[in-house]
Amino acid sequence: HILPNSFFSPLAENISTSQSTNQNISSHTTKPNPNNSTAIIISKIVNLIPIKLSRSNYLLWKSLFEPILQGHKLMHYIDSSIPPPLSTHPTYASWYEKDQMLLSWINATLSESTLPYIVGANSSK
């Protein structure tokens, strides 16, 4: 896994250094959901996290990524504070969709040198 046991721990020593930036301006839209609340849809996470995670910039990357997770109430996917529902539970499909979205967000913010460490990852945890 690219992230250590704790989301807040420094990266493992064997991840090579890479610097890459993307200077896009943030973009997101709002979309009504069935519960009469408004959900924020992030079309491109790289617009909100303009750096790619590498060995040398974990704390900076985390400082950009964590507020997004907190704001969307997704931290429990990373820190396992709330276990996922059983695959037979009615909420599993929704949980799985969010988990895969989060995994995509993580993948989109990794440097090329860190991508090999997540090969085979099937969840955001």
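Bear in mind that the values here come from a model prediction, so they are computed numbers and not experimental data.

The end-to-end C-alpha distance of helix H3 (residues 92-108), which contains 17 residues, comes to 24 Å, matching closely the 24 Å that a straight helix rising 1.5 Å per residue would cover. Taken together, the buried positions of H3 are occupied by Trp95, Asp99, Leu102, Leu103, Trp105 and Ile106. Projection of H3 onto a plane perpendicular to its axis shows the buried side chains occupying an angular sector of 155°, all on one side. Turned more than 90 degrees away from the buried face of H3 sit Ala93 and Glu97, all of them exposed.

By the secondary structure assignment, Pro84 is in the loop between helix H2 (75-79) and H3. Sequence separation of Pro84 and Trp95 is 11 residues, and the distance between their C-alpha atoms is 7.2 Å.

Let's shift gears to the confidence of the model for the protein chain. Per-residue confidence for the protein chain averages 75 on the pLDDT scale, and 66% of its residues sit at or above 70. Of all helices and strands in the protein chain, the one with the weakest mean pLDDT is strand S1 (residues 28-32) (44), whereas helix H1 (residues 58-71) scores best (95). Low pLDDT, under 50, characterises residues 1-5; the stretch is placed with 16 contacts to residues that sit more than four places away or in other chains. Taken as a whole, residues 8-39 scores under 50 in pLDDT and shows 63 contacts with residues more than four places along the chain or in a different chain.

Definitions and cut-offs
- Residues numbered from 1 in each chain as written.
- Predicted model: local features only at pLDDT ≥ 70, side-chain atom pairs only at ≥ 80, totals over all residues.
- Heavy atoms only, no water.
- Helix = DSSP H or I, 4+ residues; strand = E, 2+ residues; numbered from the N terminus.
- Expected span 1.5 Å × (residues − 1).
- Buried < 20%, exposed > 50% of the residue type's maximum accessible area, 1.4 Å probe, protein only.
- Arc of directions from axis to C-beta.
- pLDDT = per-residue confidence, 0-100.
- Contact = heavy atoms within 4.5 Å.

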